[in-house]
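Here are the chains, one letter per residue:
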Amino acid sequence: MIISIASGKGGTGKTTIAVNLAESIGKNVQLLDCDVEEPNSHIFLRPEFKSEEAIYVPVPKVDMEKCNLCGECEEICQFKAIVKIVDMVMTFPELCHSCGGCMAACQEGAITETKREIGIIKTGKHKDIVFIHGELRIGEAMAPPLIRQVRSYIDPGMINIIDAPPGTSCPVIAAMQNTDFVLLVTEPTPFGLNDLNLAVQAVKILGVPCGIVINRSDIGDEKVTAFAEKENVPVLMEIPFDRKIAEIYSRGDLLVDEIPEWKEKFLELYDKIANIKGGQYK
Amino acid sequence: MKELVVISGKGGTGKTSLVSAFAAKAENMVLCDADVDAADLFLVMDPAIVSENDFWSGCTAVINPDKCTQCDVCRDLCRFNAIDETYTVDSISCEGCGVCVYFCPEKAVDFPENNCGNWFISDTRFGPMVHARLGVAEENSGKLVSLVRQEAAKLAKSKGLDLILTDGPPGVGCPVIASIGNASAVVIVTEPSMSGKHDMERVGKLAAHFQVPAMVCINKYDLNLDISREIEAYAEKNGLIFLGNIPFDPTFTKAMVQGRTLFEYQPDSPAGPAVNDLWKKITEILQSTN
């Protein structure tokens, strides 16, 4: 089972849901932090990290001894990452999407691949929860290749919880694509609703079943509930605004540890998802 | 002309609510919404659209089954697993690299340009506004961010306005990098939580990396005074200008529900004086930037 926790709007409580759901399930579960631009799950689960590896993407390297300045590399590159300038071929690794096109197009075998670091992945454990942490290098623009690397740790025999980034563009898609269920965390405000609508559209394009968690459920208006009904997306959980919950969050503590009745509610949330998926997951 | 970009690292700290409140105070200003992924500023600004434009960017491969001989060259070369066993391209997975187009011996792959969204020039009650809507699940948000910023700069120049106030996206990746490059300064809006502090530190490093002067303010600072003090200390130690604190104030949400700025909804809200002070400090600091 792969559950991704997404939202459209940032700061609605994705990480809160992800870490408390993982903590409540406790066993046979792993958390993959795919919000690689601003990963936060480790703050709450405080895993003991056992390994750290740098993640690289391939980028071209040109051997000017072999290059005959034919310009085919520049021709194929859609991203202006390799350019012929007078009698030189220059590469711009930060623009490269690692498609390998220039290397394949070069007739002279003048292009090989070297690598560019985009971030790191750390793995470890918090109690019995396996923890995978992706962290984008500061100054690096491209999150999706790192998100795909974090996702390569998915274990089909376990419950995999993905903490996804906000938004609706490529990084979120990379986190939600090919998952079993998307949990959309929102708040009942005009901003929350607008971004939830975008997120629901994105999930529909991907064809993944989804449900909604309304956080701070009493701060705004009723329009999110009405929207959920209209779109036929179930509201699976509501968390009212409570200064105590906000304070627990602010300290980086777990809601289910501090207020144990929430553990039952998170387990119910998982049961609801498993019921929607049916069959093997019940 | 100055450009101030409001960012946060962590989402949901109050960027858009603060930009709206600043807009109510600012003069001779163009508003720019650079959070093209989840654009919300229009919900408060109620813009009257003056011009609407398509945003074309990048291409997606489409295999013509009549020409395809199923030779597998494309599937062997595609690094994004975007072509399935029926020789259909998954447009979501397609990176738009054109490798299949270039190498197909039958010239069976079309490569149409994508309409990735729209961008707008509008009028609002506070001045003109440039904003955009990235198509859902589309790529190239960084390019659209650069485009709206360029258009905002053009507009400011043509109308003789001396400030661009830009609502930025969360995170530290592609759209944020596109939002802050060559800006006069950024304001980082954070909140007193371990997550807020962690994310503020990362986006502060990003601003330093691109040599953009960065100011920091803490929204809802009274939710955790210890962490607020830590954030202030971190800012001062790391070359970030600490602007001040805003108290937790539900008026922000109430104003948002009504589509108003903080100052329009309730001129004497608890957060009002703090936001006023911030804006004064920001305008002074902006004068000293390039």
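The structure displayed is predicted, hence computed values, not measured ones.

Caption draft 1: Seen up close, the overall build of chain A. Helix and strand content of chain A: eleven helices and eleven strands. The principal-axis extent of the C-alpha atoms belonging to chain A is close to 70 × 40 × 40 Å. When the 282 residues of chain A are sorted by exposure, 50% land in the buried category. A fraction of 73% describes how many contacts in chain A between residues 6 or more apart in sequence connect residues 24 or more apart.

Caption draft 2: Just the overall build of chain B, in detail. The secondary structure content of chain B amounts to eleven helices and eleven strands. For chain B, the C-alpha atoms occupy an extent of roughly 70 × 40 × 35 Å along the three principal directions. Taken over 290 residues, chain B has a buried fraction of 55%. In chain B, of all internal contacts separated by at least 6 residues, the share reaching a separation of at least 24 is 76%.

Caption draft 3: View of the interface of chain B and chain A. Counting residues at the interface gives 50 residues for chain B and 53 residues for chain A. Per-element tally for the side of chain B that touches chain A: the top contributor is helix α7 (residues 194-209) of chain B, with eight residues. For the side of chain B that touches chain A, the per-class residue count stands at 22 nonpolar, 18 polar and ten charged.

Caption draft 4: Focus on the domain arrangement of chain A. Under the domain assignment used here, chain A contains domain 1 (2-55 + 120-281) and domain 2 (64-109). Computed from C-alpha atoms alone, the centre-to-centre distance between domain 1 of chain A and domain 2 of chain A is 40 Å.

Caption draft 5: Focus on the sheet that holds strand β9 (residues 185-190) of chain B. All names here are of chain B. Read across the open sheet, the nine strands follow the order β3-β6-β7-β2-β8-β1-β9-β10-β11; overall the sheet is mixed. The sheet terminates laterally at β3 (48-59) and β11 (241-246), the two strands that pair on one side only. Going across the sheet, the axis of each strand differs from the next one's by a mean of 20°, ignoring polarity. Bridge analysis of β3 against strand β6 (residues 113-124) gives nine bridges, and the strand direction is antiparallel. Along β6, the bridge assignment pairs Cys59 with Glu113. Across the face of the sheet, α7 comes into contact with β1 (2-7), β9 and β10 (214-219) while running at roughly 170° to β9.

Caption draft 6: Highlighting the sheet that holds strand β1 (residues 2-6) of chain A. All names here are of chain A. Judged by pairing direction, the sheet is mixed, and its nine strands sit side by side in the order β3-β6-β7-β2-β8-β1-β9-β10-β11 without closing on themselves. Across the chains shown, the open sheet's two edge strands, defined by having one partner strand only, are β3 (48-62) and β11 (235-239). Neighbour to neighbour, the strand axes of the sheet diverge by 20° on average, direction disregarded. Against the sheet, helix α11 (residues 261-277) makes contact with β1, β9 (181-186), β10 (210-215) and β11, and its axis sits at roughly 165° relative to β11, the strand it touches most.

Caption draft 7: Quick look at the nonpolar core. Membership of the largest hydrophobic core comes to 151 residues, with the highest contact counts inside it found for B:Val148, B:Leu165 and B:Val186. Among the elements that line this core, the one with the most residues is helix α7 (residues 190-206) of chain A, at eight residues.

Caption draft 8: Quick peek at the environment of A:Val203. All names here are of chain A. Position of Val203 among the secondary structure elements: in helix α7. Note: C-alpha distance between Val203 and Ala6 (197 residues apart in sequence) is 9.7 Å. Each residue touching Val203, except ones within four places of it in the same chain, is listed here: Met176, Val182, Val208 and Cys210.

Calculation notes
- Residues numbered from 1 in each chain as written.
- Chains lettered and ligands numbered in written order.
- Predicted model: local features only at pLDDT ≥ 70, side-chain atom pairs only at ≥ 80, totals over all residues.
- Helix = DSSP H or I, 4+ residues; strand = E, 2+ residues; numbered from the N terminus.
- Buried ≥ 20, exposed ≤ 12 C-beta atoms within 10 Å, placed from the backbone.
- Contact = placed C-beta atoms within 7 Å.
- Nonpolar A, V, L, I, M, F, W, Y, C, P; charged D, E, K, R; others polar.
- Domains from an automatic or database assignment.
- Pairing = 2+ DSSP bridges.
- Axes fitted to C-alpha atoms, helices over the stretch in contact; angles between N-to-C directions.
- Core = buried A, V, L, I, M, F, W, Y, C linked by C-beta atoms within 7 Å.

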